[in-house]
Amino acid sequence: MTRALEDVLSKISAAAEAAGRAPESVQLVAVSKVHGADVITPVLEAGQRLFGENRVQEAADKWPALREQYPDVRLHLIGPLQTNKVRQAVHLFDVIETVDRLKLARTLARIFEEEGIRREVYVQVNVGREEQKAGINPDEADAFIDLCRDELNLPVTGLMCIPPAGEDPAPYFGLLAGIARRNNIGILSMGMSGDFEIAIKHGATHVRVGTAVFGTRPGY
Ligand SMILES: *Cc1c(COP(=O)(O)O)cnc(C)c1O
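Residues numbered from 1 in each chain as written. Predicted model: local features only at pLDDT ≥ 70, side-chain atom pairs only at ≥ 80, totals over all residues. Heavy atoms only, no water.

With that settled, consider the overall build of the protein. Summing up its helical and strand segments, the protein has 9 helices and 8 strands in all. Its C-alpha radius of gyration of 17 Å places the protein within 12% of the 17 Å reference for a compact globule of 220 residues. Dimensions of the protein, computed from C-alpha atoms along their principal axes, come out at roughly 45 × 40 × 30 Å. A total of 220 residues make up the protein; the buried ones form 51% of that total. In the protein, the share of contacts with a sequence separation of at least 24, taken over all contacts with a separation of at least 6, comes to 59%. A distance of 2 Å separates the average location of the 25 positive side-chain charges in the protein from that of its 30 negative side-chain charges. (Helix = DSSP H or I, 4+ residues; strand = E, 2+ residues; numbered from the N terminus. Rg over C-alpha atoms; globule rule 2.2 N^0.38 Å. Buried < 20%, exposed > 50% of the residue type's maximum accessible area, 1.4 Å probe, protein only. Contact = heavy atoms within 4.5 Å. Lys, Arg positive; Asp, Glu negative; His and termini not counted. Charge placed at Lys NZ, Arg CZ, Asp CG, Glu CD.)

Another point: the UniProt feature "modified residue: N6-(pyridoxal phosphate)lysine" (unreviewed entry) in the protein. Sites flagged by UniProt as "modified residue: N6-(pyridoxal phosphate)lysine" (unreviewed entry) map to K33. Of note, K33 is situated in the loop between β1 (27-31) and α2 (37-45). What makes K33 buried here is its relative accessible area of 16%. (UniProt positions renumbered as here; feature names shortened; annotations may be inferred.)

Moving on to the environment of P71. Looking at the secondary structure, you find P71 in the loop between α3 (56-69) and β3 (74-77). In this structure P71 comes out as exposed when scored by relative accessible area, which is 65%. Sequence separation between P71 and V209 is 138 residues; the distance between their C-alpha atoms is 22 Å.

This part is about α3. At 3.6 residues per turn, the α-helix brings residues three or four places apart onto the same side. Across its 14 residues, α3 extends 20 Å between first and last C-alpha, which sits within 8% of the 20 Å expected from 1.5 Å per residue. Bending of α3 peaks at approximately 40 degrees at the position of W63, with proline P64 no more than four residues after it. On the buried face of α3, the contacting elements are α2, β2 (50-53), β3 and α4 (86-92). (Expected span 1.5 Å × (residues − 1). Bend = angle between axes of the 7 residues up to and from the residue.)

Bringing the UniProt feature "domain: Alanine racemase N-terminal" (unreviewed entry) in the protein into the picture now. The feature "domain: Alanine racemase N-terminal" (unreviewed entry), as annotated in UniProt, sits at residues 19-218 in this numbering. End C-alpha to end C-alpha, residues 19-218 measures 34 Å, and it is 39% helix and 18% strand.

Time to look at the nonpolar core. The biggest cluster of nonpolar side chains holds 66 residues, and the ones touching the most others in it are L108, L154 and L159. Beyond its immediate sequence surroundings of up to four residues, L108 is in contact with V86, V90, I96, V99, V121 and L154. (Core = buried A, V, L, I, M, F, W, Y, C linked by side-chain atoms within 4.5 Å.)

Here we take up the side chain of Q48. In this structure, Q48 sits in the loop between α2 and β2. At 2.7 Å, the side chain of Q48 forms a polar contact with the backbone oxygen of L50. When neighbours within four sequence positions are excluded, Q48 is seen to be in contact with L5, L28, A30 and V43. (Polar contact = N/O pair within 3.5 Å; in protein donor to acceptor, adjacent residues only side chain to side chain.)

Moving on: the pairing of strand β4 (residues 95-99). Counting buried residues in β4 gives 5 out of 5 residues, a clear majority hidden from the surface. The sheet contact formed by β3 and β4 spans 2 bridges and is parallel. When the bridges of β4 are listed, H76 appears paired with V95. Once the chain exits β3 it traverses α4 before rejoining the sheet at β4, and the crossover so formed is right-handed. Handedness of the crossover joining β4 and strand β5 (residues 120-124) through helix α5 (residues 102-115) is recorded here as right-handed. (Pairing = 2+ DSSP bridges. Right-handed = clockwise from strand over helix to strand, strands pointing away.)

Inspection of every chain in the model, using the stated rule, returns 12 salt bridges. In this structure, K62 engages E53 in a salt bridge whose closest nitrogen and oxygen atoms are separated by 2.8 Å. Classification of K62 as buried rests on a relative accessible area of 15%. Put simply, R87 and E115 hold a salt bridge, and the shortest N to O gap is 2.5 Å. Of this pair, R87 sits in helix α4 while E115 sits in helix α5; the two residues are 28 residues apart in sequence, bridging distant segments of the chain. Each member of the salt-bridge network shares a partner with another, and the members are R87, R110, E114 and E115. (Salt bridge = Lys/Arg side-chain N within 4 Å of Asp/Glu carboxyl O.)

Structure follows, in structure tokens:
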């Protein structure tokens, strides 16, 4: 097993136990964006099967070949999804974590229908109400989730957020957890390399960790 992966997994377990939660209640989404097969393969060899990518085209270039070797891989889309890429995305990804606007929700519903495919979707919430960030405003989240479920019949199983940089993320994680609780949503995708232990304390079920698993991304 790679040292970095081992280290992250043991920190996840410790954080879960410290929060009085079962270690298996938190899953690592290993964020492999930018990295090539040479860097990803040792992590697959070590047994990791759940990965996150933020670009549809990059995932299309990298993952079909890796999936032939590791058929039980599960891939989450964690980056913005343009509506003209939805058809490609639903064939590549098992979960779309970034449903952040009505037009995308409608397009997903239509493409699921046309392709005879259904994928779990998470609603991305703009917890910091940041202009430059994607996501549904927290005040509009309940109505948006209802619409996705009732009108569009989308399987909304999770919520996802990226808190504002340089601030204490805890209140933002708490905000997301509250929205999940009152909407009966069991999955909380929150926490990255710098704050996944805090996210686990606040109920994260999926932590999206890149740098701490794979090292610094080339070009960043
Ligand atoms: C890149 C990325 C991550 C992982 O970030 P690290 O700080 O490298 O762990 C998590 N979530 C999203 C949405 C990302 O784009």
